[in-house]
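Descriptive analysis of the structure
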Amino acid sequence: MNKLVRFFLFIAVVSAVLLYAISSLNSSQGYSGGNTLTVFNWGDYIDPDLIKKFEKETGIKVIYETFDSNEAMMTKIEQGGTNYDIAVPSEYMIDKMRQEDLLIPLDHSKLPNLKHIDKRFMDLQFDPENKYSIPYFWGTVGIVYNPKMLHGKEITSWNDLWDPDLKNEILLTDGAREVIGMGLNSLGYSLNDTNKQHLVEAKEKLDTLTPNIKAIVGDEIKMLLANQEASVGLVWSGDASEIMSENEDLDYVVPKEGSNLWFDNMVIPKTAKNIEAAHKFINFMLDPKVAAKNTDYVGYSTPNKGALKYMPKEVVEDERFYPSPELTEKLEVYENLGKKNLAYYNELFLQFKMHRK
Amino acid sequence: MDKKITPLSKIFLAVIFFILYAPIFFLVIFSFNSGETMYNFKGFSLEWYRELFQDTRLLIIVLNTIVVAFLSALFSTIIGVLGALAIHQAKKRQTKNTLLSLNNVLIVSPDVIIGASFLILFTMAGLKLGFYSVLLSHIAFSIPIVVLMVLPKLMEMSPTLIDAARDLGASSWNVVTKVIIPFITPGIFAGFFMALTYSLDDFAVTFFVTGNGFSTLSVEIYSLARRGISLNINALSTLLFLFTLLLVVIYYFITQRNKPNGMGVRKR
């Protein structure tokens with residue numbers, strides 16, 4: 001009994017020491033003071049130096065928390081019990097959050113740097129007049145391929161994927177909108193098409209692609225492509241830039257028929273406690289120099305027009321990640337098609353997945 | 001049956017251990033990689049370790065994880081032992097079985113459900129998500145495990161021990177502290193360490209109840225998945241692996257030193 005009591009006391013003392021260490025670490029970092037700002041962002045999606053710079057300039061301490069999916073983020077905000085001042089959802093989530101009344105309208109007079117954002121990326125369907133959100137990064141959906149493994153063959157359009165030479169070479173990202181969208185795009189239809197006949201047509205076209213498909217996978221697609229397990233993959237541009245930094249043989253292309261345009265956006269959720277600081281933070285991130293530095297760290301495409309001149313020329317002129325105006329015209333943002341239509345997309349995707357080779 | 005260990009079974013054992021440990025060693029080796037990826041070893045460097053120790057935020061998260069593990073194991077062991085005693089003491093067979101089944105249901109029910117229900121409970125009760133919500137939920141899911149580790153020890157104990165103690169004039173308090181607890185101490189320690197490891201590696205429940213700047217290691221690592229996991233996580237995992245190895249060694253020496261004698265009751 002004595003031994004047990006002594007052991008438990010020992011554990012209690014160790015815990016107390018650790019708790020003290022944590023609280024002193026926290027206060028040395030300034031996390032426990034009054035003027036704080038809680039940012040809820042994707043993991044590793046901001047340059048940590050910029051957070052320090054913001055803290056130094058404004059005296060506001062930033063608590064940085066991370067999430068891994070839009071759905072998880074929304075659940076945390078919806079449930080309350082948290083006080084996130086800034087969140088960074090993708091565009092389709094903003095529509096949902098707006099409908100659920102989870103967002104606080106932005107005060108544009110406190111965001112003078114808003115003028116630096118490219119007009120092309122403002123006032124989009126998911127958030128008219130940018131009442132609730134400011135674009136943070138954007139990108140496309142496209143094809144990563146390995147010219148060496150394809151013996152110099154180039155891919156420029158969706159229809160190139162149907163080439164019989166690509167037998168068992170294609171990896172697809174597991175997303176209904178992305179894959180069905182590929183079918184629609186290859187037929188020249190809109191990504192937001194709700195015409196059932198068009199959708200069925202797209203699905204049937206996709207069925208004929210099955211001999212070429214190696215697998216439909218999740219996040220591991222990055223590793224598989226970088227390791228040359230397959231020569232072609234359907235991916236988001238953000239993943240593509242990561243894959244290409246790991247394996248320099250690979251190339252990325254946004255097919256000429258058009259593709260998807262996606263955004264991650266800064267918003268102020270209903271849970272915010274420090275709305276003043278949140279505006280300051282958004283405005284800080286919109287500063288061209290800051291945005292340029294952040295883009296350099298994250299590697300996605302920035303919507304900040306002013307930032308482009310502070311970035312290396314070869315990045316800005318890289319049409320794979322900053323497509324030409326003609327191609328940008330053909331890019332479409334996913335619209336919220338309503339529950340019924342989305343269910344139909346999912347059903348077709350499921351049918352396509354079950355289609356036998 | 002032949003009790004001798006054949007070479008074949010030795011090989012089998014070696015292969016199984018190799019398979020179990022290979023991923024860990026793989027991870028450890030790449031924590032010393034001077035390159036940036038998990039599949040291309042470029043050369044030896046300690047850069048990731050240096051980066052790890054400079055990252056105060058990550059350090060706080062690690063300490064959080066350890067404190068929550070210690071405290072939740074401590075509280076759940078105390079409550080769990082009391083629970084096990086109560087179940088053991090139940091007179092009616094039916095009550096005993098009911099209590100035990102209620103306990104087991106908590107172990108088999110999926111973490112996701114437990115986590116979601118805690119989230120709903122805490123937000124309804126107005127408790128802010130953070131250290132206390134994580135600690136409370138960890139205590140809660142560890143208790144049934146402790147009960148399950150302690151109960152067999154209690155069952156093993158001969159009732160005559162208690163009768164003898166009572167005959168010799170021991171009060172109920174004395175019976176518990178001088179007879180029962182010393183006998184079940186190994187079970188209590190086992191329960192404590194089980195609770196500790198459960199808390200250290202729990203993801204699903206913790207995922208739901210973290211918030212307000214408080215996070216644990218498993219949740220943090222998971223959220224890095226979208227942008228790819230940096231090798232300083234390898235470095236961190238290596239250190240944690242060594243830490244647990246150290247714990248196991250210490251635990252081994254403690255049990256070696258106090259090897260229980262045949263009767264299971266120690267004189268003190």
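Model, not experiment: these values are computed from the prediction. Each chain carries its own residue numbering, running from 1 in the direction its sequence is written. Here every chain gets a letter starting at A, and every ligand a number starting at 1, in the order they are written. Local features in this predicted model are restricted to residues of pLDDT 70 or higher, and side-chain atom pairs are both shown and tallied only at a pLDDT of 80 or more, whereas totals for entire chains, interfaces and linings draw on every residue.

1. Quick look at the overall build of chain A
Put simply, DSSP H or I for four residues or longer makes a helix, DSSP E for two residues or longer makes a strand, and each gets a number counted from the N terminus. Counting secondary structure elements, chain A contains 13 helices and nine strands. The 357 residues of chain A split such that 40% are buried. By the criterion used throughout, residues are in contact when their C-beta atoms, derived from the backbone, lie within 7 Å. A sequence separation of at least 24 residues applies to 76% of the contacts in chain A between residues at least 6 apart. Exposure is read from a count of other C-beta atoms within 10 Å of each residue's own; the residue is exposed at 12 or fewer, buried at 20 or more and partly exposed in between. C-beta atoms are placed from the backbone.

2. Describing the confidence of the model for chain B
Residues and elements named next belong to chain B. Per-residue confidence for chain B averages 83 on the pLDDT scale, and 90% of its residues sit at or above 70. Across residues 261-268, where pLDDT falls below 50, the model places nine contacts with residues more than four positions away in sequence or in other chains. If you check the scores for this complex, the pTM reads 0.68 and the ipTM reads 0.71. Values of pLDDT, ranging from 0 to 100, describe the predictor's confidence in every residue of the model.

3. Topic: the pairing of strand β7 (residues 232-236) of chain A
All names here are of chain A. The buried fraction of β7 is high, at five of five residues. The alternating pattern of β7 places V232, L234 and W236 on one face and G233 and V235 on the opposite face, and all of these are buried. Sheet analysis places strand β4 (residues 133-145) next to β7, joined by five bridges and oriented antiparallel. Looking at the pairing, V141 lines up with W236 of β7. For two strands to be treated as a pair, DSSP must find at least two bridges joining them.

4. Looking at the pairing of strand β9 (residues 261-267) of chain A
All names here are of chain A. Most of β9 sits out of view: seven of its seven residues are buried. Bridging between β4 and β9 involves seven bridges; their strand directions are antiparallel. Counted as the bridge partner of W138 is F263 from β9.

5. Quick word on the UniProt feature "transmembrane region" (unreviewed entry) in chain B
Residue and element names in this part refer to chain B. UniProt positions are given in the numbering used here, feature names are shortened, and annotations may be inferred rather than shown by experiment. UniProt records the feature "transmembrane region" (unreviewed entry) at residues 12-32, 58-87, 99-125, 131-154, 175-197, 203-223 and 235-254, using the numbering of this structure. Between the end C-alpha atoms of residues 131-154 there is a gap of 34 Å, over a span that is 100% helix and 0% strand. Helix and strand shares over residues 175-197 are 100% and 0% respectively, and the end C-alpha atoms of the span are 31 Å apart.

6. Quick notes on helix α6 (residues 196-207) of chain A
Residue and element names in this part refer to chain A. One less than the residue count of a helix, multiplied by 1.5 Å, gives the span that helix is expected to have. Here α6 is 12 residues long and its end C-alpha atoms lie 16 Å apart, about the 16 Å a rise of 1.5 Å per residue gives. When α6 is considered as a whole, its buried residues turn out to be L199, A202, K203 and L206. Take α6 and look down its axis: the buried residues cluster within an arc of 100 degrees, on one side only. Buried residues in α6 make contact with α5 (176-186) and α13 (338-354). What the arc describes is the spread of directions from the helix axis to the C-beta atoms.

7. Comments concerning the environment of I188 of chain B
Residue and element names in this part refer to chain B. Following the sequence through the fold, I188 ends up in helix α8 (residues 172-201). On the basis of neighbour counts, which here come to 22 C-beta atoms within 10 Å, the residue I188 falls in the buried class. Separated by 110 residues in sequence, I188 and I78 have C-alpha atoms that sit 8.8 Å apart.

8. Regarding the nonpolar core
One nonpolar core equals one set of buried Ala, Val, Leu, Ile, Met, Phe, Trp, Tyr and Cys residues connected by C-beta atoms within 7 Å. If you look at the biggest cluster of nonpolar residues, it comprises 90 residues, and the most contacted ones within it are I86 and V144 of chain A. The biggest single contributor to this core is β4 of chain A, with eight residues. Reported domain spans reflect what an automatic or database domain assignment gives. Each of domain 1 (20-138 + 263-316) and domain 2 (139-261 + 323-354) of chain A contributes no fewer than three residues to this core. Beyond its immediate chain neighbours, meaning those up to four positions away, V144 of chain A contacts L225, G233, V235, A240, I243, L250 and Y252 of chain A. By size, the runner-up hydrophobic cluster in this structure holds 51 residues, among which are I22 of chain A together with L52, I145 and V150 of chain B.

9. Let's talk about the confidence of the model for chain A
For chain A, per-residue confidence averages 85 on the pLDDT scale, and residues scoring 70 or more make up 97% of the total. Looking at the elements of chain A, mean pLDDT is at its lowest for helix α3 (residues 70-79) of chain A, recorded as 81, and at its highest for strand β3 (residues 86-87) of chain A, recorded as 92.

10. With respect to the interface of chain B and chain A
The partner chain A presents 37 residues to the 37 residues of chain B that form the contact. Take the side of chain B that touches chain A: its biggest share by element is 11 residues, from helix α3 (residues 56-89) of chain B.

11. Considerations on the UniProt feature "binding site: spermidine" (unreviewed entry) in chain A
Residues and elements named next belong to chain A. As recorded in UniProt, the sites labelled "binding site: spermidine" (unreviewed entry) are Y92. With respect to the helices and strands, Y92 occurs in helix α4 (residues 91-99). When the 19 C-beta atoms within 10 Å are taken as the criterion, Y92 is described as partly exposed. Residue contacts for Y92: discarding those within four places in its chain leaves F126, Y334 and N336.

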